[in-house]
Every structure is written in structure tokens, then in C-alpha cells.
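Chains, contacts and geometry: an overview
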Amino acid sequence: MPLDWKIVIDAADPHAQAGFWAAALGYEIEDNSPLVERLLGLGAVPEAITTTAHGRKAWRDLAAARHPEDPFEQESGTGLGRRLLFQRVPESKTVKNRLHLDVHAGPDRRDAEVARLEGLGAKVLRKVAEPSGTWTLMSDPEDNEFCVQ
């Protein structure tokens, strides 16, 4: 039986990262506010672990972007399909990623997609042309590398 999965990415600002990647991929920022507000109302969690992000109550140290067509839990807003979860960590990124995302735009759309992503806050690190293919290596606003193919 196949397993469900999500990619978890360390971040200094999980809400900014979720916003960037939601815009980059055409995903939605998860709305966990019903669960956050319910738990606050019950006194089950302290206000200190929450924040307001993207116009609604959210967890201070977690934010996610999910594919808009995938299922999600109505009660919590948690995505049950393709999902990127950003978790706050105290340390900054210091070395090359061991894992990265490839965004597939295709050769006809690559340059336009790179320009769009730069407009969202990404940076071009270098353009690569090898016998195995051509792509642009970029970094997101927190310097996590990804490729546009």
C-alpha cells in the first residue's frame, strides 16, 4: 500500500515561505484558523503559540501550502495530498540543500517562469546547460535552492 507524504522545510519565517511557494506553484496557503481558534477557545493552547498570518489566526511556527485540488481536513485545514510544510527553526541555512524541488515549466516557458519567480523574491544562481538537459538554478527568499526546468 502506498504511503501519504509531505515535504517539511525548515524556515526562519514559515508564513513568508508558505506564501512564496503557494504563489510560485499555484498552491493555496492552508487555513488552520478553525482549529487554532477552537483550541484557543477551549483553553487547550496558549495564545503565545499562535499568530495572525495571511489575514487569519495561524500557528506561529508552522505554515503550509497545498495543491488546490487535493483533499484536506475541513476541521483543521490540513492538506491530505501534495503539500509543503514550513517549520520555524532557530538556526539559519548554512550549506547546500540535500533535497530540492524541481519546477517543470518546459523550455518554451522557462525564461518567463524564472522572471515571474524573481518577481516573487527568488534569485537566479546560475543557468545550467548539460547533455542531460537545461535548467535554471534558483533560490527562494530563504536561500533554499530549486531548479526551473
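Up top is the structure.
Residues numbered from 1 in each chain as written. Predicted model: local features only at pLDDT ≥ 70, side-chain atom pairs only at ≥ 80, totals over all residues. Heavy atoms only, no water.

With respect to empty space enclosed by the protein
Applying the stated criterion across every chain yields a total of one cavity of 30 Å³ or more. Each pocket or cavity is described by its volume, and for the largest cavity that value is around 80 Å³. Along the lines of polarity and charge, the residues of the lining of the largest cavity split into six nonpolar, four polar and four charged. (1 Å grid on protein atoms, 1.4 Å probe; cavity = no way out; pocket = protein on both sides within 12 Å on 5 of 7 lines; lining within 4 Å. Points joined across faces, edges and corners; volume = space filled by probe spheres on them. Nonpolar A, V, L, I, M, F, W, Y, C, P; charged D, E, K, R; others polar.)

Regarding the layout of surface pockets
Left-over empty space is what a probe sized like a water molecule reveals as it rolls over the atoms. Reported here for the largest pocket is a volume of approximately 560 Å³. Lining the largest pocket are 25 residues, and of these Ile9, Asp10, Lys93, Asn97 and Asn144 sit closest to its centre. Contributing elements (two or more residues each) for the lining of the largest pocket: strand 1 (7–11) and strand 10 (145–148). The element best represented in the lining of the largest pocket is strand 1, accounting for five residues. Per-class residue counts for the lining of the largest pocket are 11 nonpolar, five polar and nine charged. Roughly 190 Å³ of volume is contained in the second largest pocket. The wall of the second largest pocket is formed by Trp5, Ile7, Leu25, Tyr27, Arg82, Arg83, Leu84, Leu101, Asp102 and Val103. Elements with a contribution of two residues or more to the lining of the second largest pocket: strand 6 (83–88) and strand 7 (101–103). For the lining of the second largest pocket, the element with the highest residue contribution is strand 7, accounting for three residues. Residues of the lining of the second largest pocket, tallied by class, amount to seven nonpolar, no polar and three charged. (Helix = DSSP H or I, 4+ residues; strand = E, 2+ residues; numbered from the N terminus.)

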